[in-house]
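# Commentary on secondary and tertiary structure
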Amino acid sequence: MTNRLLKLLALLPLPALYLLADVAAPVLHHVVRYRRKVVRGNLASSFPEKTDAELRRIEWQFYRNFTDNFVETLKLLHISDREIMRRMKFENTEVLDRLLGQGRSIVVYFAHVFNWEWAPSVSLHTTAKPGDVAFCQVYRPLKSESFDRLMLELRSRFGSVSIPKESTLRHLVRYRKDGMPSITGFMSDQHPSHGDPGHSTTLLGHPTRMISGTETLARKLDFAAVYWDMERTSRGHYRITTRLLAEHPAELPEGELTERYTRALETTVRRNPAIWLWSHKRWK
């Protein structure tokens, strides 16, 4: 029933969905207080140089972006290629075209930066297309089977394949054996999962263990590594700039690739703190 309602809501034009987001944001922030203590604590410890007023402005804008992110993700069910291309801009895709044209596969370091769910539309902006290249994204299956099916439907909108985290290596090795280059997005700003030793560094002034599995895979399979630097240029409009991290990660000292990603992510977040997902307990 819930999925049916969400699919009906997705039929609304984005301006109408933004009106719903405008109502939801103050409810989440002021009434429900959705993870507000976590958001407030994360921001305060990450930006000790900012005044209380500055932190509250970032906090409020985060909740507005958070609700926008929800309706924009939902809209993937009924959005045209023309509309998404108008709203999502990709810069420096020449790096992707060159590597894929050489038959190289790519790991894309990405993060929970609004709106990350629109990033698979990159297939509309590259010379390589699904069928010639495997456009993939690593994900963790959700506990709710019905909601998991809905999210997989949303994420396949532009021909990308969602790979369960546990079987990532197997899928990518199969693509390589089949002679098909792949470009795979890894949300590498989460806590390392069980079995991932992590890379110890600092992020926004916090001692942090970053996921190291992405680097391990890139080194093992000799995949090139890039970072997607995402910006919110205006409401409902985003830009991703591809930044090359390493063509051959195994040539770098161990941990260097993850460190490069961490520094790039920090630059993205400091540029506009309100577009990162602050509602997770990132530092315990």
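Residues numbered from 1 in each chain as written. Predicted model: local features only at pLDDT ≥ 70, side-chain atom pairs only at ≥ 80, totals over all residues. Heavy atoms only, no water.

## Considering the overall build of the protein chain
What counts here: A run of H or I in DSSP counts as a helix once it spans at least four residues, and a run of E counts as a strand once it spans at least two, with each numbered from the N terminus. We take the radius of gyration over the C-alpha atoms and set the globule estimate at 2.2 Å times the residue count to the 0.38 power. Buried, partly exposed and exposed residues are distinguished by accessible area as a fraction of the type maximum, computed with a 1.4 Å probe on protein chains only: under 20%, between the cut-offs, and over 50%, respectively. Only the protein chains shown count as cover for residues, and all accessible areas are computed by the Shrake-Rupley method using a 1.4 Å probe.
Looking only at helices and strands, the protein chain features 10 helices and nine strands. On C-alpha atoms alone, the protein chain measures out to a radius of gyration of 19 Å, which is about the 19 Å that the 2.2 N^0.38 rule sets for 284 residues. For the protein chain, the C-alpha atoms occupy an extent of roughly 55 × 45 × 35 Å along the three principal directions. Within the protein chain, the fraction of its 284 residues that count as buried is 52%. Carbon and sulfur atoms provide 55% of the accessible area of the protein chain, an area that totals close to 13,600 Å².

## Some remarks on the environment of Asp148
This is how the line gets drawn: Whether two residues are in contact is decided by their heavy atoms: any pair within 4.5 Å suffices.
Examined against the element boundaries, Asp148 turns out to sit in helix H7 (residues 145–155). Excluding residues that lie within four positions of it along the chain, Asp148 makes contacts with Tyr139, Pro141 and Leu142.

## Some words on the packing of helix H1 (residues 2–9) against H7
Formally: Fitting a line to C-alpha atoms yields each axis, with helices limited to the stretch in contact; the angle taken between N-to-C directions then spans 0 to 180 degrees. An angle below 35 degrees is treated as roughly parallel, one above 145 as roughly antiparallel, one from 65 to 115 as roughly perpendicular, and anything else as oblique. Polar here means any residue other than Ala, Val, Leu, Ile, Met, Phe, Trp, Tyr, Cys and Pro, which are nonpolar, and Asp, Glu, Lys and Arg, which are charged; Gly is therefore polar.
Remark: H1 packs on H7, axes separated minimally by 10 Å, with the N-to-C direction vectors making an angle of 25°. Between H1 and H7, the angle falls in the class roughly parallel. For the pair H1 and H7, the contacting residues are Asn3, Leu6 and Lys7 in the first and Ser146, Phe147, Leu150 and Glu153 in the second. Taken together, the residues that form the contact of H1 with H7 break down as three nonpolar, two polar and two charged.

## Comments concerning the packing of aromatic side chains
For clarity, the cut-off: Classification of ring pairs rests on two measures: the distance between centres of Phe, Tyr or Trp rings, Trp counted by its six-membered ring, which must be within 6.5 Å, and the angle between planes, read as stacked under 30 degrees, edge-to-face over 60 and tilted in between. Criterion for a charge above a ring: Arg CZ or Lys NZ at most 6 Å from the ring centre, at most 35 degrees from the ring normal.
Going through the model one piece at a time under the given rule, you end up with 13 aromatic pairs. Ring geometry for Tyr34 versus Phe66: centroids 5.6 Å apart, planes at 35°, classification tilted. With Tyr34 in the loop between helix H2 (14–32) and helix H3 (36–46) and Phe66 in helix H4 (residues 52–74), this residue pair connects regions lying 32 residues apart in the sequence. Given a relative accessible area of 29%, Tyr34 falls into the partly exposed group. Following the ring pairs from residue to residue traces out a cluster consisting of Tyr34, Phe62, Tyr63, Phe66, Phe114 and Trp116. Above the ring of Tyr175, the side-chain terminus of Arg174 is found at 5.5 Å from the ring centroid. The positively charged end of Arg282 is found above the aromatic ring belonging to Trp276, 3.9 Å away from the centroid.

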